[in-house]
Amino acid sequence: MSAGSATWPASRPPRRTRWAPNGRVVSRPPFSARCWTGPQLFAHTSVSGAPLRTGDLLTSGPVSGSARGQFGTFLELAWNGRDPLGMPDGTERVFLEDGDVVCVTASASGPEGVQLSLGEVVGMVRPAV
């Protein structure tokens, strides 16, 4: 992964992540809880012949910590549907719904303390067609 001309080293994975559906931050999972290291993720992706190029973004899937504010999925955050999450518009969610907008950010300390950031990845849940 790269941020401008700086390379995001495998030894410095993202330290801070934020998951914010519909403008509400619902989780700040620690990336240190992930199952795979950056090099392992790269190997698993490329071993089957997937073409990887400079600048490609690899994702790990949900990352969950041990505390409730660190869970990485709505299913975990809503305790399997028992405790729906309140949204800024007053609605409640157990799962993402059509029209929901999700914003994910991540950052880490880079070489010589430089802050590297993924920026924001924003997506809207669209209805199935």
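As shown above, the structure is provided for reference.
Residues numbered from 1 in each chain as written. Predicted model: local features only at pLDDT ≥ 70, side-chain atom pairs only at ≥ 80, totals over all residues. Heavy atoms only, no water.

## Details of the overall build of the protein chain
For clarity, the cut-off: Every helix listed is a DSSP run of H or I at least four residues long, and every strand listed is a run of E at least two residues long, numbered separately from the N terminus. Under the scheme applied here, a residue whose accessible area is under 20% of the maximum for its type counts as buried, over 50% as exposed, and between as partly exposed, the area being computed with a 1.4 Å probe on protein chains only. The criterion used for residue contact is that any of the two residues' heavy atoms lie within 4.5 Å.
Looking only at helices and strands, the protein chain features 2 helices and 7 strands. Taken from N to C terminus, the helices and strands of the protein chain fall in the order β-β-β-α-α-β-β-β-β. Residue burial in the protein chain is summarised as follows: out of 129 residues, 24% are buried. Intrachain contacts of the protein chain at a sequence separation of at least 6 include 49% that bridge at least 24 residues.

## Some details on the packing of aromatic side chains
Rules: Two aromatic rings from Phe, Tyr or Trp, using only the six-membered ring of Trp, form a pair when their centres are within 6.5 Å; if the ring planes differ by under 30 degrees the pair is stacked, by over 60 it is edge-to-face, and anything between is tilted.
Considering all chains together, one arrives at 1 aromatic pair under this definition. Measuring from ring centre to ring centre gives 5.8 Å for F71 and W79, while their planes differ by 80°; the resulting arrangement is edge-to-face.

## Comments concerning the pattern of salt bridges
Oppositely charged side chains can pair when the atoms bearing their charge come close. Where we set the bar: Salt bridge, as used here: a side-chain nitrogen of Lys or Arg that lies within 4 Å of a carboxyl oxygen of Asp or Glu.
Considering all chains together, one arrives at 3 salt bridges under this definition. A salt bridge links R82 to D83; the shortest N-O distance between them is 3.1 Å. A residue is classified by how much of its surface remains accessible, and R82, at 59% relative accessible area, is exposed. Salt bridges here are not isolated pairs; linked through shared partners, they connect R93, E97 and D100.

## A look at the side chain of R93
The condition is simple: N or O atoms closer than or at 3.5 Å make up a polar contact, with two conditions inside protein: a donor-capable atom paired with an acceptor-capable one, and, for residues adjacent in sequence, both atoms drawn from side chains.
Following the sequence through the fold, R93 ends up in strand β5 (residues 92–93). At 3.1 Å, the side chain of R93 forms a polar contact with the side chain of T91. In contact with R93, not counting residues within four places along its chain, are N22, F74, A78, P84, L85, M87 and D100.

## With respect to unusual backbone geometry
Residue W79 is not a glycine yet carries a positive backbone phi of 50°. Relative to the helices and strands, W79 is located in the loop between α2 (74–77) and β4 (85–86). In the Ramachandran plot, N80 falls in the positive-phi region, its phi being about 60° despite a non-glycine side chain. Mapped onto the elements of the fold, N80 is located in the loop between α2 and β4. Classification of N80 as exposed rests on a relative accessible area of 62%.

## Regarding the environment of G61
Tracing the sequence through the fold places G61 in the loop between α1 (38–46) and α2. On the basis of relative accessible area, G61 is assigned to the partly exposed category, the value being 41%. Here the alpha-carbon distance between G61 and R34, two residues 27 residues apart in the chain, equals 9.1 Å.

## Some thoughts on the environment of P84
Relative to the elements of secondary structure, P84 occurs in the loop between α2 and β4. A residue is classified by how much of its surface remains accessible, and P84, at 35% relative accessible area, is partly exposed. Along the sequence, P84 and F74 sit 10 residues apart, while their C-alpha atoms lie 8.8 Å from each other. Contact partners of P84, with chain neighbours within four places excluded, come to A78, E92, R93 and V94.

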